[in-house]
Amino acid sequence: MPLDLLRLCTLDAMPALPQNWWAAWSLAPAVLVPLLALAVRAAGPAAIAPAFLGHALPALPGGGARRWRLAGLALLVLALVSPLCRLGAALAAAHMVQIMTLVAGCALLALGWAPPRRHWRAALPLAAALHGGLLWLWHLPAVYAATLTHGAVHWVATAALAGASFAFFQQAVHAPQDRRGAVLLAVLATLAHTGLLGALLTFASLPLYPLQGPGARAWGLDPLTDQQIAGLVMWVPGGLGYMALALGLVLRWAGQGGRARRRHDPAVPAGPAQPGPAASRAG
């Protein structure tokens, strides 16, 4: 195995070009070790799994929570280990697919993880601000270039976005009843400002990330076209993802409300009593 496979997904690592992209896996220990630790915690029984970010794993019947966690873990592996990671260093469009895959993986992990032990009122707006702010910060040209050329910056940016995304989605999907309006507002606000970022990338008149120009040309794309595709990926599929989250939460809350009403409704009056066995025999 070439030593180059052990590097992070930066420009000085093994490039993902049309002739060899399928071999450009990222097996850096700095990424594999945290993912392996997460896999142990996500796949193990809730009774023995260690806490993650201060929250214990839920013990749900039928393994439903575990399936959500494993699905999220699979998306993280796709984003951070598969050739998609190295493609993200070569192409702006692949980078955006990678980011959206990472965010979706964190959302699925949050669905399968236990709710926070305490719901601080400031936790949701803070998590939403961090999640959205890091998305914007990463796509500032200077920061974007640093993530492509410095392994430490690349690792810190990836870890920060993953942690902030997990925290945001965990606050959203496990919100108490009195915070549901704030959750819906936070998700829709995230949908709006990420759509704005996607639109800015789509309609920019000049390439904002010239370091990826050679990679785009190697794939037969003009750098500006590559950037426009990246903007569309964030704008349309990314926006649909946040919209699906908002719709799913509303439907889930409606279902929970319906079940709660049925539990609290008075019992339906029973019909005429049927004679029991003793009464029948007496008759």
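Small disclaimer: the values here were computed from a predicted structure and weren't measured.

## Re the confidence of the model for the protein
1) Next: Confidence in the prediction for the protein averages 86 pLDDT; 82% of positions are at 70 or higher.
2) Next: Taken as a whole, residues 46-62 scores under 50 in pLDDT and shows 32 contacts with residues more than four places along the chain or in a different chain.

## Focus: the side chain of R86
1) Next: Its location among the elements puts R86 in helix α3 (residues 83-90).
2) Next: Classification of R86 by relative accessible area gives buried; the value is 1%.

## Some points on the environment of G239
1) Next: Inspection of the secondary structure assignment puts G239 in helix α10 (residues 223-264).
2) Next: Exposure remark for G239: the relative accessible area of 6% places this residue in the buried category.
3) Next: For the pair G239 and H193, spaced 46 residues apart in sequence, the C-alpha to C-alpha distance is 9.6 Å.
4) Next: Setting aside anything within four residues of it in sequence, one finds G239 in contact with L191 and M234.

## Considerations on the nonpolar core
1) Next: Membership of the largest hydrophobic core comes to 53 residues, with the highest contact counts inside it found for F168, F169 and V183.
2) Next: Of all the secondary-structure elements, those providing two or more residues to this core are α1 (29-43), α2 (64-80), α4 (92-112), α5 (123-138), α6 (141-149), α7 (151-173), α8 (180-203) and α10.
3) Next: The leading source of residues in this core is α4, at 10 residues.
4) Next: In this view, F169 contacts V103, C106, A107, A110, H131, Y242 and L245; residues no more than four positions away in its chain are not counted.
5) Next: Within the second largest apolar cluster, 8 residues are counted, among which are A16, L87, L91 and A216.

## Considering the layout of surface pockets
1) Next: As a volume, the largest pocket reaches approximately 480 Å³.
2) Next: Every residue lining the largest pocket is counted, 25 residues in all, and those nearest its centre are P34, L35, L80, A159 and A162.
3) Next: If you list the elements that add at least two residues to the lining of the largest pocket, you get α1, α2, α4 and α7.
4) Next: Of the residues contributing to the lining of the largest pocket, the split by class is 20 nonpolar, 4 polar and 1 charged.
5) Next: Roughly 290 Å³ of volume is contained in the second largest pocket.
6) Next: If you go around the second largest pocket, you meet 13 residues; those closest to its centre are A104, A107, F169, G241 and Y242.
7) Next: Listing elements by their share of the lining of the second largest pocket, those giving two or more residues are α4, α7 and α10.
8) Next: A per-element tally of the lining of the second largest pocket places α4 first, with 6 residues.
9) Next: Across the lining of the second largest pocket, the residue classes break down as 11 nonpolar, 2 polar and no charged.

## Remarks on the side chain of Q170
1) Next: The topology assignment puts Q170 in helix α7.
2) Next: What makes Q170 buried here is its relative accessible area of 3%.
3) Next: Within polar-contact distance, the side chain of Q170 engages the backbone oxygen of A114 at 2.7 Å.

## Comments concerning the environment of M234
1) Next: Here M234 is to be found in helix α10.
2) Next: M234 sits in the buried class, given a relative accessible area of 1%.
3) Next: Sequence separation of M234 and G195 is 39 residues, and the distance between their C-alpha atoms is 6.7 Å.
4) Next: For M234, the residues in contact, after removing those within four places along its chain, are M96, M100, L135, H139, T194, L197, G198 and G239.

Reading guide: rules and limits
- Residues numbered from 1 in each chain as written.
- Predicted model: local features only at pLDDT ≥ 70, side-chain atom pairs only at ≥ 80, totals over all residues.
- Heavy atoms only, no water.
- pLDDT = per-residue confidence, 0-100.
- Contact = heavy atoms within 4.5 Å.
- Helix = DSSP H or I, 4+ residues; strand = E, 2+ residues; numbered from the N terminus.
- Buried < 20%, exposed > 50% of the residue type's maximum accessible area, 1.4 Å probe, protein only.
- Core = buried A, V, L, I, M, F, W, Y, C linked by side-chain atoms within 4.5 Å.
- 1 Å grid on protein atoms, 1.4 Å probe; cavity = no way out; pocket = protein on both sides within 12 Å on 5 of 7 lines; lining within 4 Å.
- Points joined across faces, edges and corners; volume = space filled by probe spheres on them.
- Nonpolar A, V, L, I, M, F, W, Y, C, P; charged D, E, K, R; others polar.
- Polar contact = N/O pair within 3.5 Å; in protein donor to acceptor, adjacent residues only side chain to side chain.

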